[in-house]
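Structural description and commentary
Spelled out from the first residue to the last, the chains are:
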Amino acid sequence: MKFLCLACDEQMQFRERQEPGDGTFAASFTCPSCGHEVAMLANPAETQLVGALGVKIGGRELDEQPMEFVRRNVVGRDDAFAETAPAAGATGRRPAWSAAAEERLARVPGFVRGMVKKIYGEYAVERGIAEITPEVMDRARTELGLEGM
Amino acid sequence: MSFRTYFDVPGADRSGLGDQVAAQRERVARRLASVARVVAVVSGKGGVGKSYVSAAVAAAAARHDAAVGVVDADLKSPTVARMLGAAGPLAVMDDGVVPASGAEGVRVVSSDFLLDDGRPLAWREPEGDRFVWRGALEAAALREFLGDVAWGRLDLLLVDLPPGADGVSDLAALVPQLSGALAVTLPSDESGRSVARTMHALRDAGIPLLGVVENMSGYHCDACRADRPLFAGHAGDTLADAFRVPLLARIPFDGSAQPAAPADTWRSIAAVLLEGGRGKGP
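Residues numbered from 1 in each chain as written. Chains lettered and ligands numbered in written order. Predicted model: local features only at pLDDT ≥ 70, side-chain atom pairs only at ≥ 80, totals over all residues. Heavy atoms only, no water.

1. Some points on the packing of aromatic side chains
- In this structure the tally under the stated criterion is six aromatic pairs over all chains.
- Here the aromatic cluster, defined as three or more aromatic residues joined through ring pairs, consists of F3, F14 and F29 of chain A.
- Lying over the aromatic face of Y6 of chain B, K2 of chain A brings its terminal NZ or CZ to 4.3 Å of the ring centre.
- The ring of F81 of chain A has R71 of chain A lying over it, and the distance from NZ or CZ to the ring centre is 5.2 Å. (Phe/Tyr/Trp six-rings, centres within 6.5 Å; stacked < 30°, edge-to-face > 60°. Lys NZ or Arg CZ within 6 Å of the ring centre and 35° of its normal.)

Here you go:
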């Protein structure tokens, strides 16, 4: 998919995406020459059609996690997957979770909780963050584009 | 106003969808690089014992020192995992999901591990109009069953497909190097006609047909001490002749739920799937 600025005859650049609710997917584009902006709003059917392929418009911020699609989309057992403990050598690098962050994590649906915890953990390790707090989670969501996590 | 074509406009595609789909295919290919042979097990209609045959052949191959995996691709009606005694939960490692271990160490992944007992397969999204993209959802799940599982080195990976020809094209697209397919039928003409459609789909997709197994071929009557038919027809022979493939076995019906054929029978079928050669007929 390409967006063309007719006035400048130039391809517009992807700027931002959001999922504002109701299954709508929104993406904005800017013309690099004149700065003209447009937004594309996809209806829930179009959004889901892309989601059914296991891909994300605009590309992925994070590597695809093992069985990410199945874990997100199949309705079933909360305990179908078990996150394995990190290797012994990695224990010293694991960030701590504050009580408030743990409480917030507990509200994440069980079928993706382990995966979400891993993503926040990796975010903290990569940035040398010793403790994951709700503020760290907010920052990660913004930086990684983790809407709904 | 006249527009240029998509490819006339210079610059990368900002959606990244094409690249992501290509990456998904590469992920499957990388994962299956350590698998010597990938073989589909197919039928035409449900209830012919396809999963039973898959489980018995997988266990027989593993019993003879082959490293074997089974993908239960019959997402809506998964049965092969329980036949092999495999159960979840599935452990998630950085490099993939660890398959469950079943009889004889057969590695298994199945939607049975994901679903609550007795509940049907259901998708979290979307509401309404699910029929539009159900096929895409199921194909994506199959892709992850193949590509996101830490199979390790395998001599044989059996893919127990759902009845009918629908799964054939999905599997062929995901696994271009598919080694072949084993067809399972009942003796009845109706079953034979149904399996023939699937075998045509396999042939159209360029997938080698490795042979036919005729299940529930008859039963032993203790009263009259004779082998008697359960169904009218000889679909195994008919399909073998029509498609010029070997009839690898006729499996009698045995209500005891024990393997209803001698161990040698399962071993000889497994040998064909492992080696890709033509098996000896029953």
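Here the narrative resumes, following the displayed structure.
2. Regarding the packing of helix α6 (residues 189–204) of chain B against helix α7 (residues 235–243) of chain B
Residue and element names in this part refer to chain B.
- It is at 10 Å that the axes of α6 and α7 come closest, and there the two elements cross at 30°. Classified by the angle their axes make, α6 and α7 are roughly parallel. Considering how the two elements wind past one another, α6 and α7 form a crossing that is right-handed. Residues G192, V195, A196, M199, H200 and R203 of α6 lie in contact with α7, whose contacting residues are A235, L239 and F243.
- Looking at side-chain class alone, the contact of α6 with α7 contains six nonpolar, two polar and one charged residues. (Axes fitted to C-alpha atoms, helices over the stretch in contact; angles between N-to-C directions. Helix = DSSP H or I, 4+ residues; strand = E, 2+ residues; numbered from the N terminus. Parallel < 35°, antiparallel > 145°, perpendicular 65-115°, else oblique. Left-handed = near helix turned anticlockwise from the far one by under 90°. Contact = heavy atoms within 4.5 Å. Nonpolar A, V, L, I, M, F, W, Y, C, P; charged D, E, K, R; others polar.)

3. Here's the deal with the sheet that holds strand β4 (residues 24–30) of chain A
Residues and elements named next belong to chain A.
- Here we have three strands laid out as an open sheet, ordered β3-β4-β5, and antiparallel in their pairing. Taken across any chain shown, the strands that pair with only one partner, and hence form the sheet edges, are β3 (13–21) and β5 (37–42). Within this sheet the neighbouring strands show an average axis-to-axis angle of 20°, counted without direction.
- Relative to β4, β3 runs antiparallel, the two sharing six bridges. The residue of β4 that forms the bridge with Q13 is T30.
- Of the strands in this sheet, β4 and β5 touch helix α1 (residues 44–51), which is tilted by about 80° from β5. (Pairing = 2+ DSSP bridges.)

4. Describing the pairing of strand β8 (residues 156–160) of chain B
Residues and elements named next belong to chain B.
- Burial within β8 is extensive, with five of its five residues counted as buried.
- Across the two faces of β8 the burial is the same, with L156, L158 and D160 and L157 and V159 all buried.
- Looking at chain direction, strand β1 (residues 38–42) and β8 are connected through four bridges and run parallel. Its bridge partner being in β8, V38 is matched across the sheet by L157.
- In terms of strand pairing, strand β2 (residues 68–72) meets β8 through five bridges, oriented parallel. By the bridge assignment for β8, G69 is matched with L157. (Buried < 20%, exposed > 50% of the residue type's maximum accessible area, 1.4 Å probe, protein only.)

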